[in-house]
Amino acid sequence: MADNLPSEFDVIVIGTGLPESIIAAACSRSGQRVLHVDSRSYYGGNWASFSFSGILSWLKEHQENRDIVNEDPAWHEQILENEEAIALSRKDKTIQHVEVFCYASRDLHEEVEEAGALQKNHASVISENPTEAVHSAYLPSEDESLCTASCEMLTEQTPSSDLETALEINNVKVTGETKKHDDKTCMKSASEEETSKNVPTTEGTALQPKKTRITYSQIIKEGRRFNIDLVSKLLYSRGLLIDLLIKSNVSRYAEFKNITRILAFREGRVEQVPCSRADVFNSKQLTMVEKRMLMKFLTFCMEYEKHPEEYKAYEEITFSEYLKTQKLTPNLQYFVLHSIAMTSETASNTIDGLKATKNFLHCLGRYGNTPFLFPLYGQGELPQCFCRCKAIIDQFGQRIISKHFLVEDSYFSENTCSHVQYRQISRSVLITDRSILKTDSDQQISILTVPGEEPGTFAVRVIELCSSTMTCMKGTYLVHLTCTSSKTAREDLEPVVQKLFTPYPETETENEEVEKPRLLWALYFNMRDSSDVSRNSYNDLPSNVYVCSGPDSGLGNDNAVKQAETLFQLICPNEDFCPPPPNPEDIITDGDSLQSEASEASVILEANSETPKGSASLGNPEEASQ
């Protein structure tokens, strides 16, 4: 198939992250010839999602952490005398300080394999040719397209005799806390949980089913039920990405679930925040006076632009200080600041805080009682949705000419990025045995903001996913923690982890009640944030080479959509950004047009030269011919 690859394209996109995938789809929809390539063995780059064995394979790649040297210098022969090559790096330097901890009990002598585990895919080249895609495209499922590795990686590296064994290879540390595998952590099995749902139980009842704990072997065996995101984000129900998914009709490739609750962390405990009108008036946390205060303030925030006299005098102060002037109780100030505006005491001024609050309220009610949606199978589904119309090619080495090049930041070499100053994102992924706020339903999807304790530290965003999101096995929760880095990810996030969760204790009585959810597995890493880097910071880039950044630390995806639209307009000025595809029923092939020519002519004459009703929705002739 690579032998028939054209030697010239309008646009070449390198990388399959969300911005690159949106741009590639938009250019293709506009009739551009697009070649979309990625050297990685999985979709999404730092936007990817992995099964459990996939994340172990990803960890192994970062442990090796060595640059790949091109053994075949044949590509040098493709460079002409008047041309200068821009070297791209095969070494991913966007991930640092990786540390893994396994707390679940393990049988280290048992050979465990993930059920239905697949071999790692080879690096692929993606050609955006809609016609070719119809006949020959094969888009792997979320499990097939992710890299997999030996599921025994961590267990093989951890001798059973050691209390704590750490393997550190090139800035990657994998730690197995094997001493804690003799404890009695309890967890209902799936069958027991279903059986006990409708059976009334009391403490000490003899008929109460005995709980079983989740083991590392179970996590390995059920590894394909996990979809672990490298970047943790949600979609605002009226955000730019939702609008783009609907406009482009790409939404048909994805499914979403509504975030069911918004939480707050106050005085050492987790509690639910009322945000809709019904939640406010049904809340038992607020007094009647507080309910009226909150509703009055939220009503003002929805139309604050109409009342500049209410905030103009406070524009230069922080949003936290502004809230103190609004006759709100400390309880309400905390809820508005951290759980509705989702900012901190020092991070936002009054205008930014009012805008964030209005955006939150504006998104309420479109799809549920909270403003947020989460894609089933993880954030990594979204780049793949924009890649659905592409054919996969398994060979390369050909000289190809293009008018425009879009390159994901991580592909540039050290020489190109020598003057770039990057920020960092601290990330943690946890597998736990129950929710941080237990309720009658075990299928809650929650977001929680934990404020920074000390001045200069950043708030930590916590997103907890249940098994109905198709991101974890039944009986477990997948928890994502994110903040802007000030130190390593573990140093930034472990204090919050210790507040909300507990590892397996070394000793445990049979009927001991555990107040916090228990950790089964934990991953910490720092990710590069290139979202605020100016193109001028890169060295010696030609004018037709554009840069796409990786994920930012924000909750939503607006930055990726804005970036994609801005770059698209530079390539295709005055073109519609990612228009919907033509209706298949309105596409006329050459054969059909010959047969229907006479009848269409008669219809036109009878309509007194008016356009026939059916032809008003005909697709672009170029798209139809493709």
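How each quantity is defined
Residues numbered from 1 in each chain as written. Predicted model: local features only at pLDDT ≥ 70, side-chain atom pairs only at ≥ 80, totals over all residues. Heavy atoms only, no water. UniProt positions renumbered as here; feature names shortened; annotations may be inferred. Helix = DSSP H or I, 4+ residues; strand = E, 2+ residues; numbered from the N terminus. Buried < 20%, exposed > 50% of the residue type's maximum accessible area, 1.4 Å probe, protein only. Contact = heavy atoms within 4.5 Å. Areas by Shrake-Rupley, 256 points an atom, 1.4 Å probe, with all protein chains shown as cover. pLDDT = per-residue confidence, 0-100. Pairing = 2+ DSSP bridges. Salt bridge = Lys/Arg side-chain N within 4 Å of Asp/Glu carboxyl O.

Per an unreviewed UniProt entry, the recorded name for the protein chain is Rab proteins geranylgeranyltransferase component A, and the organism is Vulpes vulpes. The Sequence similarities (unreviewed entry) field of the UniProt record for the protein chain holds the comment "Belongs to the Rab GDI family." Per UniProt, the protein chain has the following entry under Function (unreviewed entry): "Substrate-binding subunit (component A) of the Rab geranylgeranyltransferase (GGTase) complex. Binds unprenylated Rab proteins and presents the substrate peptide to the catalytic component B. The component A is thought to be regenerated by transferring its prenylated Rab back to the donor membrane."

Colleague: Is there a simple way to think about the overall build of the protein chain in this case?
Modeller: Within the protein chain, the regular secondary structure consists of 17 helices and 21 strands. Within the span of the protein chain, comprising 626 residues, buried residues form 49% of the whole. Of the contacts formed within the protein chain by residues at least 6 apart in sequence, a portion of 77% connects residues at least 24 apart. With an accessible surface of roughly 30400 Å², the protein chain has 48% of that area assigned to carbon and sulfur atoms.

Colleague: Got a minute to help me understand the confidence of the model for the protein chain in this structure?
Modeller: When pLDDT is averaged across the protein chain, the result is 77; 71% of the residues are at 70 or more. Ranking the elements of the protein chain by mean pLDDT puts helix H3 (residues 130-136) last with 33 and strand S8 (residues 228-229) first with 97. Counting contacts from residues 117-209, a segment whose pLDDT is below 50, to residues more than four positions away or on other chains yields 238 contacts. Within the model, pLDDT remains below 50 along residues 597-626, and this stretch shows 15 contacts once partners closer than five positions in the same chain are excluded.

Colleague: Is there a simple way to think about the pairing of strand S12 (residues 269-272) in this case?
Modeller: A regular strand places its side chains so that they alternate between the two faces of the sheet. Strand direction decides the pairing type here: strand S11 (residues 261-266) and S12, joined by four bridges, are antiparallel. The residue of S12 that forms the bridge with Ala-264 is Glu-271. The antiparallel hairpin formed by S11 and S12 contains two residues in its connecting segment, where Glu-267 sits at a positive phi of about 50°.

Colleague: Mind showing me how you'd approach the pattern of salt bridges here?
Modeller: In a structure, side chains of opposite charge can pair up when their charged atoms sit close to one another. Considering all chains together, one arrives at 22 salt bridges under this definition. With its nearest N and O atoms 3.6 Å apart, the salt bridge here joins Lys-403 to Asp-10. In this pair, Lys-403 sits in strand S15 (residues 401-408) while Asp-10 sits in strand S1 (residues 8-14), placing the two residues 393 residues apart along the sequence. Judged by relative accessible area, which is 7%, Asp-10 ranks as buried. The partner of Lys-312 in a salt bridge is Glu-315, and the shortest N-O contact between them spans 3.3 Å.

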